[in-house]
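Each chain, letter by letter, is given below.
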Protein chains: 2
Amino acid sequence: MVRMTDVADAAGVSAMTVSNVINGRPGVGAETRLRVLRTISRLGYQVNHAARHLRAGRTGAVGLIVPDIDRPYYAQLASRLAKGVEKSGLHLVVERTGGDAERELEAISFGRLRMYDGVVISPLRVAAADLDQLRFETPVVFIGERPVPATFDHVMMDNVGGARQATEHLLRTGSRRVAIIGGRHDDHVDDMPSLRTRGYRQAHAELGVDVDEQLVVEVESFDPGSAFQVVKQLHETGVGFDGVFALTDAAAMGVLRALADLGVAVPRDVQVIGFDNGNETEFLVPRLSSVEPGNDTMADRVLELLQRRVGASGDENETPDALTTVVTARLELRETTR
Amino acid sequence: MVRMTDVADAAGVSAMTVSNVINGRPGVGAETRLRVLRTISRLGYQVNHAARHLRAGRTGAVGLIVPDIDRPYYAQLASRLAKGVEKSGLHLVVERTGGDAERELEAISFGRLRMYDGVVISPLRVAAADLDQLRFETPVVFIGERPVPATFDHVMMDNVGGARQATEHLLRTGSRRVAIIGGRHDDHVDDMPSLRTRGYRQAHAELGVDVDEQLVVEVESFDPGSAFQVVKQLHETGVGFDGVFALTDAAAMGVLRALADLGVAVPRDVQVIGFDNGNETEFLVPRLSSVEPGNDTMADRVLELLQRRVGASGDENETPDALTTVVTARLELRETTR
DNA sequence: GTGAAAGCGCTAACAG
DNA sequence: CTGTTAGCGCTTTCAC
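Residues numbered from 1 in each chain as written. Chains lettered and ligands numbered in written order. Predicted model: local features only at pLDDT ≥ 70, side-chain atom pairs only at ≥ 80, totals over all residues. Heavy atoms only, no water.

Asks: How should I be thinking about the protein's contact with DNA strand C in this particular structure?
Replies: Taken together, 23 residues are adjacent to DNA strand C, and Gly29(A), Thr32(A), Arg55(A), Met4(B) and Tyr45(B) come closest. Each atom of DNA strand C within 4 Å of the protein was assigned to sugar, phosphate or base; sugar and phosphate come to 69%. In the model, a phosphate oxygen of DNA strand C is placed 2.8 Å from a nitrogen or oxygen of the Ser19(B) side chain. Here a base oxygen of DNA strand C sits 3.1 Å away from a polar atom, N or O, in the side chain of Arg55(B). (Near = heavy atom within 4 Å. Polar contact = N/O pair within 3.5 Å; in protein donor to acceptor, adjacent residues only side chain to side chain.)

The structure is reproduced here in structure tokens:
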């Protein structure tokens, strides 16, 4: 373990000068700088981030905390954000909570935040009330649909509007019995499934079509497997449907697979729309129509909000007001709709 | 900012006692412990990880460094590893390099390693020679096909064997002209495309079938889009083929999409096999046959190797020898093969 | 242009 | 069972 003082001794300068060289601060003579740099590489010195962090406060990292890394939506979000923060010379590190309320809260509250100069968190379960207690100096941007105290920056997608557009399209193009995979029967909380179901119901109300609660199908998880099973069951039960709104593209993938097994022609007999407009949609057979929630815009907005606070010390009116942004959704029609 | 000493003062104990309570160390009276805990929650105290890290050396985190987060293979690997390390009370953080040799080296060498108690790295580009220079106290496990100095733990998949099995199956079930999407014409380096191409050639040699170099199709990237384009071009060029070995499942997805557009029946006219056996394979239409590289076994092995070193201080014969494990691959046949 | 002193918040080691 | 001392490796401040 070679420390900064070792470099300083070997180069015949003080630790401070080494520090100045490393951090590119002005006020070091060209000759001294060169000597220090050579000594650094000769000794193989590497800065100790923990010490720097302890003393200077910054870590050079932005955290992204998501329920699950291997869901395409989060993976693609991570990728977008990573490219963005890297432009600022920071790097993104991703952590997963497993979608567990307790672990989400732990990830946010219990000091792990301090590992980062800024944090983006996409909570699934955690309640606004719990969040309200928290006070931290690390800039935090929330992303997603869960309600969040107004003291935090928040970037939301238009879940209700997106779902309404999708359902409207299905109804206007001739589907009368639209199943919603992952929908909710009740509407107590503002989580993703409830909000998207709300949009589904709004579309029905606007167009004067009754919702058959048998078509509102709850699933435990939004992976293809769960959706696949549920569609098969729906079919076996004899509940007819001629359109499907799947709450995520991943679920829609399972839907398409089930319909293919059942010998149902898409979109002729049943139309399908997903949500998220992930990279995979264009390569499914048939290509999946999907709600584009404004993924790029959301990522850009998150980065802006982060930049506004990272670097700005917690002084005076330096701290800007919290902002909530809602990004508008639009339909991306492909081959699973008419 | 409330520090440990603030808690200690408020509870009328010393900082050491607070530290003992927080870390669940024995030797604190029940009453004192309760008083400390109450004070902690009253003041909203949170441990400062940077300070703990600086002093105690451990960070509580394991790093996973991959080329890209949004490739399903890495996302699924991350998920598997995350669940594993969480069992040991650690948590996984994922960083991406973008598949850039320089950034890979930087991620490994430049002190960022110290952020973690252990690191798993899946390099794409970085050369063994560069790695050889490095000496670190953080336990590192390499994963993937790139050659790595023997001083490091390394878990490899059997790229050559898996590719050979896939190609053999295609040839034995009647395909005579098997295209390899993402293959290499030369065989200078031991990277993933070259190794899998080697297996492809071995299978041909064994079964006495000549390789038509026109069927060895290079791609810039292993995403569905690139594979899609390349297959369309292959078809337009009039180069006939009745089998496809795609170097990754993601590429295979693009292949299937292209074949569907071209009106080619799978597997009747063209058989297809992918590689990685990702979660998505079962939900494609038709279901994708794929090489299962032993994903679970690899993750388990990585975790074992990590555990062997994390916690073991760098003393004497405490440090175990480096181990290289090769996990065997097998075929998972589904609907894209006969 | 360079250096000395002090301390960030925590914990290992030992004393009581 | 609890407290004291010392110091992890860096950077901020101010003096030279």
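That covers the picture; the talk isn't over yet.
Asks: Can you help me understand the relation of the copies chain B and chain A in this one?
Replies: There are two copies of the chain, and a rotation about an axis plus a shift along that axis relates them. Once turned by 180° and shifted 0.2 Å along the axis, chain B lies on chain A with an RMSD of 0.2 Å. What the superposition gives is, in effect, a two-fold axis relating one chain to the other. When the interface residues of chain B are mapped onto chain A, 100% of them again fall at the interface, so both copies present the same face. (Least-squares fit on C-alpha atoms with pLDDT ≥ 70 in both. Contact = heavy atoms within 4.5 Å.)

Asks: What is the right way to read the protein's contact with DNA strand D from this model?
Replies: Close to DNA strand D lie 25 residues; Met4(A), Met16(A), Tyr45(A), Thr32(B) and Arg55(B) are nearest. Counting only atoms of DNA strand D within 4 Å of the protein, the fraction found in sugar and phosphate groups is 68%. One of the side-chain N or O atoms of Arg3(A) is found 3.5 Å from a phosphate oxygen in DNA strand D. Listing elements by their share of the surface near DNA strand D, those giving two or more residues are helix H2 (15-22) and helix H4 (49-56) of chain A together with helix H2 (15-22) and helix H4 (49-56) of chain B. For the surface near DNA strand D, the element with the most residues is H4(A), which contributes four residues. (Helix = DSSP H or I, 4+ residues; strand = E, 2+ residues; numbered from the N terminus.)

Asks: Quick question: what am I supposed to make of the packing of aromatic side chains here?
Replies: Two aromatic rings, taken as a pair, are described by how far apart their centres are and by the angle between their planes. All names here are of chain B. Inspection of the entire model under this criterion finds eight aromatic pairs over all chains. Both rings, one in Phe-245 and one in Phe-275, keep their centres 6.4 Å apart while their planes meet at 45°; by these two values the pair is tilted. Of this pair, Phe-245 sits in strand E8 (residues 243-246) while Phe-275 sits in strand E9 (residues 271-275); the two residues are 30 residues apart in sequence, bridging distant segments of the chain. The burial state of Phe-245 is the same as that of Phe-275; both residues are buried. (Phe/Tyr/Trp six-rings, centres within 6.5 Å; stacked < 30°, edge-to-face > 60°. Buried < 20%, exposed > 50% of the residue type's maximum accessible area, 1.4 Å probe, protein only.)

Asks: So what exactly am I meant to see when it comes to the sheet that holds strand E2 (residues 91-96) of chain A here?
Replies: As a general point, the strands of a sheet are linked pairwise by backbone hydrogen bonds and lie either parallel or antiparallel. Sheet architecture is open: 12 strands sit in the order E11(A)-E5(A)-E4(A)-E3(A)-E1(A)-E2(A)-E2(B)-E1(B)-E3(B)-E4(B)-E5(B)-E11(B), paired in mixed fashion. The sheet terminates laterally at strand E11 (324-327) of chain A together with strand E11 (324-327) of chain B, the two strands that pair on one side only. In this sheet, adjacent strand axes meet at a mean angle of 20° when their direction is disregarded. Here E2(A) runs beside strand E2 (residues 91-96) of chain B; their pairing, made up of two bridges, is antiparallel. (Pairing = 2+ DSSP bridges. Axes fitted to C-alpha atoms, helices over the stretch in contact; angles between N-to-C directions.)

Asks: Help me understand the sheet that holds strand E7 (residues 216-217) of chain B in this model?
Replies: All names here are of chain B. In spatial order, the strands read E7-E6-E8-E9-E10-E12; together these six strands make up an open sheet with mixed pairing. Across the chains shown, the open sheet's two edge strands, defined by having one partner strand only, are E7 and strand E12 (330-332). Pairing of strand E6 (residues 178-181) with E8, which is carried by four bridges, proceeds in the parallel orientation. Considered in E8, the bridge of Val-178 is made with Gly-243. Helix H9 (residues 192-206) contacts E6, E7, E8 and E9 of the sheet and is inclined by roughly 170° relative to E6.

Asks: Where do I start with the pattern of salt bridges in this structure?
Replies: Side chains that differ in sign of charge can pair as their charged atoms come close. Evaluation of the coordinates by the stated rule reveals 43 salt bridges over all chains. One salt bridge connects Asp191(A) with Arg184(A), and the closest N-O pair in it is separated by 3.0 Å. A relative accessible area of 13% means that Asp191(A) is categorised as buried. A salt bridge links Arg172(B) to Glu168(B); the nearest nitrogen and oxygen atoms lie 3.6 Å apart. Of this pair, Arg172(B) and Glu168(B) both sit in helix H8 (residues 159-172), four residues apart, roughly one helical turn. Judged by relative accessible area, which is 15%, Glu168(B) ranks as buried. Beyond isolated ion pairs, a larger network of salt bridges with shared partners links Lys232(A), Arg257(A), Asp261(A), Arg287(B) and Glu335(B). (Salt bridge = Lys/Arg side-chain N within 4 Å of Asp/Glu carboxyl O.)

Asks: Would you mind showing me how to read the pairing of strand E6 (residues 178-181) of chain A here?
Replies: Every regular strand shows the same layout, with side chains that alternate between the two sheet faces. Residues and elements named next belong to chain A. Taking every second residue as pointing to the same face, both faces of E6 are buried, with Val-178 and Ile-180 on one and Ala-179 and Ile-181 on the other. As paired elements, E6 and strand E7 (residues 216-217) share two bridges and run parallel to each other. Across the sheet, Ile-181 pairs through a bridge with Val-217, a residue of E7. Once you follow E6 into helix H9 (residues 192-206) and on to E7, the crossover reads as right-handed. (Right-handed = clockwise from strand over helix to strand, strands pointing away.)

Asks: Explain the packing of helix H1 (residues 4-11) of chain B against H2(B) to me, please; I cannot follow it from the model alone.
Replies: Angle between the axes and distance between the axes are the two parameters that describe a pair of packed helices. Residue and element names in this part refer to chain B. Where H1 contacts H2, the two axes come as close as 8 Å, and the packing angle between them is 105°. Of the possible angle classes, the one that applies to H1 and H2 is roughly perpendicular. For the pair formed by H1 and H2, the contact residues are Met-4, Thr-5, Val-7 and Ala-8 on the first element and Ala-15, Val-18, Ser-19 and Ile-22 on the second. Residues that form the contact of H1 with H2 fall into these classes: six nonpolar, two polar and no charged. (Parallel < 35°, antiparallel > 145°, perpendicular 65-115°, else oblique. Nonpolar A, V, L, I, M, F, W, Y, C, P; charged D, E, K, R; others polar.)

Asks: In this structure, what is going on with the packing of helix H5 (residues 72-87) of chain A against helix H12 (residues 295-309) of chain A? I would like to understand it.
Replies: Residue and element names in this part refer to chain A. It is the contact of H5 with H12, at a shortest axis distance of 10 Å, that shows an interaxial angle of 45°. In terms of their interaxial angle, H5 and H12 are classed as oblique. The chirality of how H5 crosses H12 is right-handed. Here Tyr-73, Arg-80, Leu-81, Gly-84 and Val-85 of H5 come into contact with H12, specifically with Asn-295, Asp-296, Met-298, Ala-299, Val-302 and Leu-303. For the contact of H5 with H12, the per-class residue count stands at seven nonpolar, two polar and two charged. (Left-handed = near helix turned anticlockwise from the far one by under 90°.)

Asks: In this structure, what is going on with the side chain of Asp242(B)? I would like to understand it.
Replies: All names here are of chain B. Checked against the element boundaries, Asp-242 lands in the loop between helix H10 (224-236) and E8. Buried charge without a partner: Asp-242 forms no salt bridge, and the closest opposite charge is Arg-338, 6.0 Å away. A distance of 2.8 Å separates a polar atom in the side chain of Asp-242 from the backbone nitrogen of Arg-177. Apart from the residues within four sequence positions on either side, Asp-242 is in contact with Gly-174, Ser-175, Arg-176, Arg-177, Val-178, Asp-269, Val-270 and Gln-271. (Lys, Arg positive; Asp, Glu negative; His and termini not counted.)

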